[in-house]
Amino acid sequence: MAAMFKALADPVRLRLLSRVASHPNGEACVCDIADVGVSQPTVSHHLKKLREAGLLTSERRGTWVYYRPAPGVLASLGEFLADTEKAGKEEIALTAQAS
């Protein structure tokens, strides 16, 4: 999880993941998501980091590469955040009871 959140700490990577995840059919061609305010080589670098962190998968089709969220990764991130929020609330409640 730490590697995933570290990869998402960069605003460009977060924007790229969001664009891929929200794209119709659940996948996006790099040509459809590259307009994020940085050069194409920088986009490729960030997409590579998202793949290495296990957030995206990719498939080459002809000259283009298509990206999609790794299976189950968005649900896993959501569950982790929900569990973290729940644990934080429980800890606050226990601290309040003890004082």
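So, here is what we can say about the structure in this document. (Residues numbered from 1 in each chain as written. Predicted model: local features only at pLDDT ≥ 70, side-chain atom pairs only at ≥ 80, totals over all residues. Heavy atoms only, no water.)

A look at the environment of glutamate 85
Position of glutamate 85 relative to the elements: it lies in helix 5 (residues 73-98). Separated by 71 residues in the primary sequence, glutamate 85 and leucine 14 place their C-alpha atoms 21 Å from one another. (Helix = DSSP H or I, 4+ residues; strand = E, 2+ residues; numbered from the N terminus.)

Observations regarding the side chain of arginine 13
Tracing the backbone shows arginine 13 in helix 2 (residues 11-22). The charged side chain of arginine 13 is buried without a salt bridge, its nearest counter-charge being aspartate 10 at 4.8 Å. A polar side-chain atom of arginine 13 sits 2.9 Å from a polar atom in the side chain of histidine 46. The contacts of arginine 13, once residues within four sequence positions are left out, are Lys6, Ala7, Leu8, His45, His46, Lys49 and Leu50. (Buried < 20%, exposed > 50% of the residue type's maximum accessible area, 1.4 Å probe, protein only. Lys, Arg positive; Asp, Glu negative; His and termini not counted. Salt bridge = Lys/Arg side-chain N within 4 Å of Asp/Glu carboxyl O. Polar contact = N/O pair within 3.5 Å; in protein donor to acceptor, adjacent residues only side chain to side chain. Contact = heavy atoms within 4.5 Å.)

Looking at the pairing of strand 2 (residues 56-61)
Bridge analysis of strand 2 against strand 3 (residues 64-69) gives six bridges, and the strand direction is antiparallel. Bridge pairing links serine 58 to tyrosine 67 in strand 3. If you look at the hairpin formed by strand 2 and strand 3, you'll find two residues sitting between the two strands, and glycine 62 has a positive phi there, around 65°. (Pairing = 2+ DSSP bridges.)

Describing a nonpolar patch on the surface
A cluster of nonpolar residues, Met1, Phe80 and Leu81, forms a patch on the protein surface that exposes about 270 Å² of accessible area. Position of phenylalanine 80 relative to the elements: it lies in helix 5. (Patch = residues over 30% accessible without salt bridge, like charges linked within 9 Å, V, L, I, M, F, W, Y side chains within 5 Å. Areas by Shrake-Rupley, 256 points an atom, 1.4 Å probe, with all protein chains shown as cover.)

Points about the environment of serine 39
When you line up the elements, serine 39 lands in the loop between helix 3 (30-33) and helix 4 (40-52). On the basis of relative accessible area, serine 39 is assigned to the partly exposed category, the value being 39%. A sequence separation of 22 residues divides serine 39 from arginine 61, and the C-alpha atoms of the two residues are 22 Å apart. There is a polar contact of 2.9 Å between the side chain of serine 39 and the side chain of threonine 42.

Topic: the side chain of glutamate 27
Note that glutamate 27 resides in the loop between helix 2 and strand 1 (28-29). Judged by its relative accessible area of 18%, glutamate 27 is buried. In terms of polar contacts, glutamate 27 uses its side chain to reach the side chain of arginine 61, at 2.9 Å. With residues near it in sequence (within four places) discarded, glutamate 27 still touches Val20, Arg61, Tyr66, Tyr67 and Arg68.

Remarks on the packing of helix 2 against helix 4
One can describe the packing of helix 2 onto helix 4 by two numbers: an axis separation of 10 Å at closest approach and a directional angle of 75°. The angle between helix 2 and helix 4 falls in the class roughly perpendicular. In this structure, helix 2 uses Val12, Arg13, Leu16 and Leu17 to contact helix 4, whose residues at the interface are Val43, His45, His46, Leu47, Lys49 and Leu50. Looking at side-chain class alone, the contact of helix 2 with helix 4 contains six nonpolar, two polar and two charged residues. (Axes fitted to C-alpha atoms, helices over the stretch in contact; angles between N-to-C directions. Parallel < 35°, antiparallel > 145°, perpendicular 65-115°, else oblique. Nonpolar A, V, L, I, M, F, W, Y, C, P; charged D, E, K, R; others polar.)

From the geometry alone we can't say anything about function, so treat these as descriptive.
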